[in-house]
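# Results of the structural survey
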Amino acid sequence: AGSASSNDEQFNPDDPQLYLQRLRRNVPDVSDLVYMYAAESVNCYSHETHIASAVMLGVSSEAAFLEVARSSITWLGSAGEKLVTALDNPRESYSNKLQVFRKRIESRKAELPAELADSMSLTLDSVQDLLRMSRNEAGHPTGKSISREDQHISLQMFGRYRPLFKKAL
């Protein structure tokens, strides 16, 4: 697996060090918090603890989303006020926070950089699905297992969140 990943230009968690180097290269302004949980996820994956990897990836994804949502507040102007209310409410679910963010940002999609606007729906849907699977299903005592293959795909998706990480707002 290590030999295959060393020749692979994709995000391949089979080589944790190379995966994390690519993450830093692809997202040079990744926060320490997001990176810390992503590194933990990759390390769990490499030790075949896929449920732990999924949960840590969910934490990293949520942290990345919250950073982007907070960085958009000023740009959103008056629409950002409702977003602040949702983000600051500890009883508000992640899913609801994401929906409030989407509603506010999609109304101004035409003003976003093309790289972010073109992939925004797919990226946000991917983040939401990944979080649902990892934080909700694997992170609670549901008995759900996470296969190596599924977690491999999730880690590959995470490496491509670049538009979400970029603070383009």
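Please refer to the structure placed before this passage.
Residues numbered from 1 in each chain as written. Predicted model: local features only at pLDDT ≥ 70, side-chain atom pairs only at ≥ 80, totals over all residues. Heavy atoms only, no water.

## Considering the overall build of the chain
This is how it is decided: Helix numbering and strand numbering both begin at the N terminus, where a helix is a DSSP run of H or I of at least 4 residues and a strand a DSSP run of E of at least 2. Only protein chains enter the accessibility calculation, which uses a 1.4 Å probe; a residue whose area is less than 20% of its type maximum is buried, one above 50% is exposed, and one in between is partly exposed. Working rule for contacts: check all heavy atoms of both residues, and any pair within 4.5 Å makes them a contact. Values of accessible area rely on a 1.4 Å probe in the Shrake-Rupley scheme; residue burial ignores everything except the protein chains shown.
Counting its regular elements, the chain contains nine helices and zero strands. Helices (α) and strands (β) of the chain occur, in sequence order from the N terminus, as α-α-α-α-α-α-α-α-α. A total of 169 residues make up the chain; the buried ones form 46% of that total. Restricting to contacts in the chain with at least 6 residues of sequence separation, those with at least 24 account for 63%. Surface accessibility of the chain: about 8600 Å² in total, with carbon and sulfur atoms responsible for 50%.

## A closer look at the packing of helix α4 (residues 50–76) against helix α5 (residues 79–88)
Using the following cut-off: To obtain an axis, a line is fitted to C-alpha atoms, over the contacting stretch when the element is a helix, and the angle between two such axes runs from 0 to 180 degrees between their N-to-C directions. With respect to orientation, any angle under 35 degrees is reported as roughly parallel, any angle over 145 as roughly antiparallel, any angle of 65 to 115 as roughly perpendicular, and every other angle as oblique. In a left-handed crossing the near helix is turned counterclockwise from the far helix by less than a right angle, and in a right-handed crossing that turn is clockwise. Residue polarity follows a fixed list, in which Ala, Val, Leu, Ile, Met, Phe, Trp, Tyr, Cys and Pro are nonpolar, Asp, Glu, Lys and Arg are charged, and the others, Gly among them, are polar.
Put simply, α4 and α5 touch, their axes get as near as 8 Å, and they point 150° apart. Between α4 and α5, the angle is such that the two are roughly antiparallel. As for how α4 packs across α5, the hand of that crossing is left-handed. Facing Leu-66, Ala-69, Arg-70, Ser-72, Ile-73 and Leu-76 of α4, the residues of α5 in contact are Ala-79, Gly-80, Leu-83, Val-84, Leu-87 and Asp-88. Split into classes, the residues belonging to the contact of α4 with α5 amount to eight nonpolar, two polar and two charged.

## Structural notes on the pattern of salt bridges
Note the threshold: Should a side-chain nitrogen of Lys or Arg be within 4 Å of a carboxyl oxygen of Asp or Glu, the pair is scored as a salt bridge.
Summed over the entire model, instances satisfying the criterion amount to five salt bridges. For Asp-125, the salt bridge identified is with Arg-102, shortest N-O distance 2.6 Å. Of this pair, Asp-125 sits in helix α7 (residues 114–138) while Arg-102 sits in helix α6 (residues 94–106), placing them 23 residues apart in sequence. Arg-108 is the partner of Glu-111 in a salt bridge, and the nearest nitrogen-oxygen pair spans 2.8 Å.

## Concerning the packing of aromatic side chains
Defined as follows: Note on ring pairs: Phe, Tyr and Trp rings are taken, using the six-membered ring of Trp, and paired if centres are within 6.5 Å. Classes follow the plane angle, with under 30 degrees stacked, over 60 edge-to-face and the rest tilted. Remark: a charge is flagged as sitting over a ring if the NZ atom of Lys or the CZ atom of Arg is within 6 Å of the ring centre and within 35 degrees of the ring normal.
Under the counting rule described, the total for this entry stands at three aromatic pairs. The interplanar angle of 70° and the centroid separation of 5.5 Å between the aromatic rings of Phe-11 and Tyr-19 together place this pair among those described as edge-to-face. By the burial criterion, Phe-11 is buried, and Tyr-19 matches it. Their ring planes at 80° and their centres at 5.4 Å tell us that Phe-65 and Phe-101 sit as a pair that is edge-to-face. Remark: Phe-101 occurs in helix α6 and Phe-65 occurs in helix α4; sequence separation between them is 36 residues. Here the two residues Phe-65 and Phe-101 agree in accessibility, since each one is buried. Taken together, Phe-65, Tyr-94 and Phe-101 form an aromatic cluster joined through their ring pairs. Directly above the ring of Tyr-35 sits Arg-24, whose terminal nitrogen or CZ lies 3.8 Å from the centroid.

## A closer look at the nonpolar core
Counted only if it meets this: As used in this record, nonpolar core signifies buried Ala, Val, Leu, Ile, Met, Phe, Trp, Tyr and Cys residues forming a set joined through side-chain atoms within 4.5 Å.
Membership of the largest hydrophobic core comes to 37 residues, with the highest contact counts inside it found for Tyr-19, Leu-20, Leu-23, Leu-83, Phe-101 and Phe-158. For this core, the secondary-structure elements that each account for two or more residues are α2 (16–26), α3 (32–46), α4, α5, α6, α7 and α8 (148–159). When residues in this core are grouped by element, the largest group, eight residues, is from α4. Leave out the neighbours within four places in its chain, and Phe-101 touches Phe-65, Val-68, Ala-69, Ser-72, Leu-83 and Leu-124. Ranked by size, the runner-up nonpolar core spans seven residues in total, among them Val-55, Met-56, Ala-138 and Ile-146.

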